[in-house]
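Each chain, letter by letter, is given below.
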Amino acid sequence: IAADGGIDPDANRRRYVKRVGDALARCTNRLGPTVGGYHFDVLNSDEVNGVSGPGGWVLVTRGAVNACRTEDELAGILAHELAHASLKHGEQIVRKSKEFQAEMKLFGSVLGEVTDVNDTRFGQQLLGVFKSAVGQMGTTAREHSYGRQFESDADFEGSRILWDVYYDWTALGRYLGRLPDDPHHGGGADASHASAAVRAQTLAAFTTQLGVVDLGAPV
């Protein structure tokens, strides 16, 4: 994914995004552990988008960062991507894909035939399953083909993360409300993707349940 346009050359912007992301990951109790922790960076693109994947990595575009008016909004888009990873949306899509299921079926048949630990078919087929999973996850992350329900779930959970660390939990909805289109679906709304405006309205109704934001109150 990063190879498409590379990493943003602005070291200060990258450092800032990493610090905000690191604060979210360290302070919230809503994220599970990963083997290598959580990693954040900025892509060299003026498109407004963000991607995430298993293993705790989150990438946002320079365009997405520049579209933020406050640090809370930046925290909001990072929290949304963290929510996708935490809720295992990418893994769920991979498990349902026909390609992955076919690889697993073939792996099962090979496993039933292997009687010798030196049989190379086992390792080759296991590698095939791994490649299929990684490829599907990469495509899902790049195209953000999560669909309406997963996006809504990530909006809600991302706002809960903001609430948990005492960022402005209405910030993500405010950010979405200014965008002309869903940042995860360049073609606008369709049967599987709500528009950015609809997402913002739905999220506003949800965040009112979290209470009124008063960032001046003692924590």
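Computed from a predicted model, the values in this text were never measured in an experiment.

Helix and strand content of the chain: 9 helices and 3 strands. Reading the chain from its N terminus to its C terminus gives the helix and strand order α-β-β-β-α-α-α-α-α-α-α-α. Considering only intrachain contacts with a sequence separation of at least 6, the fraction spanning at least 24 residues in the chain is 66%. Carbon and sulfur atoms form 55% of the exposed surface of the chain, whose accessible area is close to 11,400 Å².

What follows deals with helix α3 (residues 71-86). Over its 16 residues, α3 runs 22 Å from end to end, which matches the ideal 22 Å to within 8%, given 1.5 Å per residue. Across the 16 residues that make up α3, a large majority, 14, are buried. Looking one or two residues beyond α3, the residue adopting positive phi is K88, at roughly 60°.

Next up on the list: the side chain of S52. Residue placement: S52 occurs in strand β2 (residues 50-53). A distance of 3.0 Å separates a polar atom in the side chain of S52 from the backbone oxygen of E81.

What follows is about the confidence of the model for the chain. Summing up the model confidence of the chain, the mean pLDDT is 79 and the portion of residues at 70 or higher is 65%. When mean pLDDT is compared element by element in the chain, helix α1 (residues 11-27) scores highest at 97, while helix α6 (residues 120-143) scores lowest at 50. Counted against residues more than four places away or in other chains, residues 186-191, with its pLDDT under 50, gives 8 contacts.

By size, the foremost hydrophobic cluster in this structure holds 32 residues, and its most contacted members are V17, L24, V60, L74, I77 and L78. Breaking this core down by element, the ones donating at least two residues are α1, β1 (39-43), β3 (57-61), α2 (62-66), α3, α7 (147-165), α8 (171-177) and α9 (196-207). Ranked by residue count, the leading element in this core is α3, at 6 residues. Once residues within four sequence positions are removed from consideration, L74 is found in contact with Y16, V17, V20, V65 and C68.

The next subject is the sheet that holds β2. Read across the sheet, 3 strands follow the order β1-β3-β2 without closing on themselves; strand pairing throughout is mixed. With one partner strand each, in any of the chains shown, β1 and β2 form the two edges of the open sheet. For this sheet, the mean angle separating the axes of adjacent strands, direction not counted, is 15°. With 5 bridges connecting them, β1 and β3 associate as parallel partners.

Turning next to the packing of α3 against α7. Their axes nearest at 7 Å, the elements α3 and α7 cross at an angle of 125°. Accordingly, the angle class assigned to the pair α3 and α7 is oblique. Of the two elements, α3 crosses α7, and the hand of that crossing is right-handed. Every residue of α7 that contacts α3 at D72, A75, G76, A79, H80, L82, A83 and H84 is listed here: F150, E151, A154, D155, E157, G158, I161 and L162. Of the residues in the contact of α3 with α7, the class split is 8 nonpolar, 4 polar and 4 charged.

This part takes up unusual backbone geometry. In this structure, Y166 takes a positive phi of about 65° despite not being glycine. Within the fold, Y166 resides in the loop between α7 and α8. In this structure Y166 comes out as partly exposed when scored by relative accessible area, which is 28%.

Parameters and conventions
Residues numbered from 1 in each chain as written. Predicted model: local features only at pLDDT ≥ 70, side-chain atom pairs only at ≥ 80, totals over all residues. Heavy atoms only, no water. Helix = DSSP H or I, 4+ residues; strand = E, 2+ residues; numbered from the N terminus. Contact = heavy atoms within 4.5 Å. Areas by Shrake-Rupley, 256 points an atom, 1.4 Å probe, with all protein chains shown as cover. Expected span 1.5 Å × (residues − 1). Buried < 20%, exposed > 50% of the residue type's maximum accessible area, 1.4 Å probe, protein only. Polar contact = N/O pair within 3.5 Å; in protein donor to acceptor, adjacent residues only side chain to side chain. pLDDT = per-residue confidence, 0-100. Core = buried A, V, L, I, M, F, W, Y, C linked by side-chain atoms within 4.5 Å. Pairing = 2+ DSSP bridges. Axes fitted to C-alpha atoms, helices over the stretch in contact; angles between N-to-C directions. Parallel < 35°, antiparallel > 145°, perpendicular 65-115°, else oblique. Left-handed = near helix turned anticlockwise from the far one by under 90°. Nonpolar A, V, L, I, M, F, W, Y, C, P; charged D, E, K, R; others polar.

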